[in-house]
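Examination of the molecular architecture
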Amino acid sequence: MQQLRTDLITDYDRLAATWWDPRGPLAPLGWIARARAEHVPAADREGARLLDLACGGGLAAPHLAGKGYRLTGVDLSHLSLREAARHGYRDLARADLAQLPFAAGSFDVVTAGQCLEHVPDPYAAVAEACRVLRPGGTLIVDTIADTRLARLVAITLAENLPLPGKPERGTHDHRLFVNRARLLRTARAHGVELRLLGLRPHLREGLGYLAGRRERVRMVPVKATGVLFLGVGRKR
């Protein structure tokens with residue numbers, strides 16, 4: 001259990017039944033999964049494979065449908081993997097993100113969504129993601145920046161305000177938030193030049209969600225990367 005906090009694994013097992021609840025504590029992960037999937041290119045060859053690190057309950061599956069990939073999911077939560085299997089993931093593995101059970105160059109796309117901020121060494125996880133990505137393949141990550149603003153937004157506000165879709169208290173540890181410069185250096189050292197962009201909820205849709213008039217909210221790109229950000233790049 002080195003690569004993800006043991007208590008967090010227990011939490012995700014306990015919350016596994018809420019992965020698809022549009023107003024539950026995991027709901028915003030579905031919004032982010034949609035934004036992440038928008039950066040996944042259509043498969044350019046027969047038998048293309050996509051690896052979803054920390055796939056959870058498979059929230060990306062509806063947004064990847066029709067892009068031509070065989071989906072492989074990795075997670076440490078057994079119950080979450082079971083949920084992902086129900087939503088189109090063909091291959092599943094319970095594994096440490098820093099020690100993936102796959103050969104080098106096995107995947108056309110590797111995604112790592114909302115997991116790097118939960119592991120003791122996110123840079124080792126990124127290096128491993130690059131290792132299993134084939135040359136010319138696409139890496140997509142999204143996580144939380146190690147800034148005071150991110151601490152305020154993702155912990156002080158998000159975990160404490162009594163709003164629908166809020167994460168449970170203790171979900172995030174600011175000491176694990178990701179240094180953007182180091183993330184870029186790590187990916188570059190392993191053959192991937194990442195481009196970063198910020199993400200935030202669509203304001204009008206977010207207000208509609210809080211008012212109970214919507215079940216989902218789009219995430220929109222912004223220049224500022226100091227809270228939630230996404231990185232995308234191709235392997236040399």
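Data block above holds the structure.
Conventions we followed
- Residues numbered from 1 in each chain as written.
- Predicted model: local features only at pLDDT ≥ 70, side-chain atom pairs only at ≥ 80, totals over all residues.
- Heavy atoms only, no water.
- Patch = residues over 30% accessible without salt bridge, like charges linked within 9 Å, V, L, I, M, F, W, Y side chains within 5 Å.
- Areas by Shrake-Rupley, 256 points an atom, 1.4 Å probe, with all protein chains shown as cover.
- Salt bridge = Lys/Arg side-chain N within 4 Å of Asp/Glu carboxyl O.
- Helix = DSSP H or I, 4+ residues; strand = E, 2+ residues; numbered from the N terminus.
- Buried < 20%, exposed > 50% of the residue type's maximum accessible area, 1.4 Å probe, protein only.
- 1 Å grid on protein atoms, 1.4 Å probe; cavity = no way out; pocket = protein on both sides within 12 Å on 5 of 7 lines; lining within 4 Å.
- Points joined across faces, edges and corners; volume = space filled by probe spheres on them.
- Nonpolar A, V, L, I, M, F, W, Y, C, P; charged D, E, K, R; others polar.
- Pairing = 2+ DSSP bridges.
- Phe/Tyr/Trp six-rings, centres within 6.5 Å; stacked < 30°, edge-to-face > 60°.
- Lys NZ or Arg CZ within 6 Å of the ring centre and 35° of its normal.

Taken together, the side chains of Leu 149, Leu 152, Val 153, Leu 157, Leu 161, Leu 163, Leu 207 and Leu 210 make up a nonpolar region of the molecular surface, amounting to roughly 670 Å² of accessible area. Looking at the nonpolar patch, the elements with two or more residues in it are helix H6 (148–157) and helix H8 (203–210). In terms of residues, the nonpolar patch owes the most to one element, H6, which gives four residues. Tracing the chain through its elements places Leu 149 in helix H6.

Before going further, it helps to examine the pattern of salt bridges. Applying the stated rule across the entire model yields 13 salt bridges. For Arg 36, the salt bridge identified is with Asp 142, shortest N-O distance 2.4 Å. Here the residue Arg 36 occupies a position in helix H2 (residues 27–37), and Asp 142 occupies one in strand S5 (residues 133–144), the gap between them amounting to 106 residues. By relative accessible area, Arg 36 is classed as buried at 7%. Between Arg 214 and Glu 205 there is a salt bridge, and its shortest N-O distance comes to 3.6 Å. Glu 205 gets classed as buried once you look at its relative accessible area, which sits at 8%. Connected through shared salt-bridge partners, Asp 44, Arg 45, Asp 108 and Arg 134 make up one network.

Moving on, we get to the layout of surface pockets. Within this model, the largest pocket holds a volume of roughly 1200 Å³. Every residue lining the largest pocket is counted, 48 residues in all, and those nearest its centre are Pro 28, Trp 31, Val 153, Ala 158 and Pro 201. When contributions to the lining of the largest pocket are tallied by element, the ones reaching two or more residues are helix H1 (6–14), H2, H6, strand S6 (195–201), H8 and strand S7 (219–222). It is H8 that provides the largest number of residues to the lining of the largest pocket, a total of five residues. Grouping the amino acids of the lining of the largest pocket by side-chain chemistry returns 31 nonpolar, ten polar and seven charged. Considering only enclosed or pocket space, the second largest pocket measures out at about 230 Å³ in volume. Forming the walls of the second largest pocket are 15 residues, and the residues nearest its centre are Trp 20, Gly 30, Trp 31, Leu 59 and Arg 216. Of all the secondary-structure elements, those providing two or more residues to the lining of the second largest pocket are H2 and helix H3 (61–64). Among the residues making up the lining of the second largest pocket, the classes are represented as nine nonpolar, two polar and four charged.

Another point: the pairing of S6. When S6 meets strand S8 (residues 228–234), the two strands line up antiparallel, connected through four bridges. By the bridge assignment for S8, Arg 195 is matched with Val 232. Alignment of S6 against S7, held across four bridges, turns out to be antiparallel. What sits directly across from Leu 199, in S7, is Pro 221.

Let us now look at the packing of aromatic side chains. For any pair of aromatic rings, the description consists of the separation of the ring centres together with the inter-plane angle of the planes. Applying the stated criterion to the full structure yields three aromatic pairs. Ring centres 5.7 Å apart and planes at 10 degrees place the aromatic pair Tyr 12 and Trp 19 in the stacked group. This pair shows no difference in class: Tyr 12 is buried, exactly as Trp 19 is. Just above the ring of Tyr 209 sits the side chain of Arg 23; from NZ or CZ to the centre is 4.4 Å.

Coordinates in, geometry out; function isn't part of it.
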